[in-house]
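Structural characterization, general
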Amino acid sequence: MIRELNAQFGIEGELDFVEDESGLAVAKIDNAQGSATLCLQGAHLMSWQPRSQKTPVVWLSRDAKLAVGKSIRGGAPVCWPWFGAHATESAFPGHGFARTVPWRVIESGKGIDGETRLALRLVASDKTREQWPHACNLDLVITIGETLRMELITENTGSDDFVIGEALHTYFQIGDISEVSVSGLEGCEYWDKVGGSSLRKQNGEIRFSGETDRVYINTVSECVIRDEKLMRSIHVAKSGSLSTVVWTPWIDKANKMGDMGQPDGWREMLCVESANALENQVKVASGTRHTLIVEYRAVSL
Ligand code: TA6
């Protein structure tokens, strides 16, 4: 499979497919503007570092392991066709199945400014249709350069409308969680998931001093992670998304999870996820498509 992938989609010196020790295929991208790695299972971006940055912008746990059918801790997991727990089936995987099933490459190419573009499509199966019996295509188009652009495209090819929840659940690399702030969500309502679920309103910028797990609703805002330790800001712009999820597990939850890179990997990551969750779930009418787009860039302070 690796040989065919390189023959059909490889780009000499820029895009190369390799087999991980788990047997999973990984795309390695390296161009004049930046580098990235992506596991084909789940169309899971695992790392991204623009040339202008000494430190990766997308975080991957030191404990991250690739395994067939398992999610990877870090990177930009694709949460689809639901976000969080399934509404009725507790046995269904949290955040949907998209991130743990095979995807296939459908296109690769060079962007106009030397970026690298890769398009993948989820491979439906009896297993996925048991959990999601709708006729549809799910594509991820990713463009790697000095900025990172991801487009998550849901196409309803069936005769019935359906409703999805989704997120690009991106883990950003930061210097230390106690030295960052997030702006852009001032005045937004959010569901606070720590200690139950209560609706609150954001007052000012967000700073962190404990487990934080919030679903901001009805917001189209660009968020900025200001990192005083790494002396940079990360801009998280989006379209086709009305929810933004902000999450740090903090020490107790991180220790329970066990794959956050002990002892303090949790201090060096922050999730700012562009989503459509809770009351912002999206109805995709028969014969139409819905696209969630994110664009990330890092700016030195
Ligand atoms: O997006 C935040 C969240 O829903 C948290 O509640 C936490 O569960 C996190 O996602 C990680 O979920 P995962 O299934 O990847 O362990």
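Everything below is about the structure printed above this text.
Rules used in this analysis
Residues numbered from 1 in each chain as written. Predicted model: local features only at pLDDT ≥ 70, side-chain atom pairs only at ≥ 80, totals over all residues. Heavy atoms only, no water. Pairing = 2+ DSSP bridges. Helix = DSSP H or I, 4+ residues; strand = E, 2+ residues; numbered from the N terminus. Axes fitted to C-alpha atoms, helices over the stretch in contact; angles between N-to-C directions. Phe/Tyr/Trp six-rings, centres within 6.5 Å; stacked < 30°, edge-to-face > 60°. Buried < 20%, exposed > 50% of the residue type's maximum accessible area, 1.4 Å probe, protein only. Disulfide = S-S within 2.5 Å. Near = heavy atom within 4 Å. Polar contact = N/O pair within 3.5 Å; in protein donor to acceptor, adjacent residues only side chain to side chain. Areas by Shrake-Rupley, 256 points an atom, 1.4 Å probe, with all protein chains shown as cover. Nonpolar A, V, L, I, M, F, W, Y, C, P; charged D, E, K, R; others polar.

**Structural notes on the sheet that holds strand 22 (residues 289–300)**
Reading across from one edge, 6-7-8-9-22-18-17-13 is the order of the 8 strands in this open sheet, with antiparallel pairing throughout. Because the sheet does not close on itself, it has two edges, and the strands there are strand 6 (103–110) and strand 13 (180–183). Along the sheet, successive strands turn relative to each other by an average axial angle of 15°, direction set aside. Across 5 bridges, strand 17 (residues 223–227) lies against strand 18 (residues 232–239) in antiparallel orientation. Bridged to cysteine 223 within strand 18 is valine 236.

**Considering the packing of aromatic side chains**
Within the structure shown, the criterion is met by 10 aromatic pairs. On the numbers, 5.6 Å between centres and 25° between planes, the contact of tryptophan 59 with tyrosine 171 is stacked. Of this pair, tryptophan 59 sits in the loop between strand 4 (44–50) and strand 5 (78–79) while tyrosine 171 sits in strand 12 (residues 171–173), placing them 112 residues apart in sequence. We classify tryptophan 59 as buried; its relative accessible area is 3%. According to the relative accessible area criterion, tyrosine 171 is buried, its value standing at 2%. The interplanar angle of 65° and the centroid separation of 5.7 Å between the aromatic rings of tryptophan 80 and tryptophan 132 together place this pair among those described as edge-to-face. Of this pair, tryptophan 80 sits in the loop between strand 5 and strand 6 while tryptophan 132 sits in the loop between helix 2 (126–131) and strand 8 (136–144); the two residues are 52 residues apart in sequence, bridging distant segments of the chain. Ring-pair connections join several aromatic residues into one group, and the members of that group are Trp80, Trp82, Phe92, Phe97, Trp132 and Phe162.

**With respect to the state of the cysteines**
This structure, assessed with the given rule, holds 0 disulfides. Cysteine 188 carries a free sulfur, and the closest cysteine sulfur to it, the one in cysteine 223, is 7.9 Å from it. Of the residues examined, cysteine 188 reaches a relative accessible area of 12% and is grouped as buried.

**Quick notes on the site of the ligand**
Contacts to the ligand come from Arg73, Phe83, His95, Arg99, His169, Lys193, Asp213, Val245, Trp247 and Glu273. Histidine 95 places a side-chain nitrogen or oxygen 3.0 Å from an oxygen atom of the ligand. Relative to its unbound accessible surface of 390 Å², the ligand loses 80% to contact with the protein. Here the residues of the shell around the ligand are counted per class, giving 3 nonpolar, 2 polar and 5 charged.

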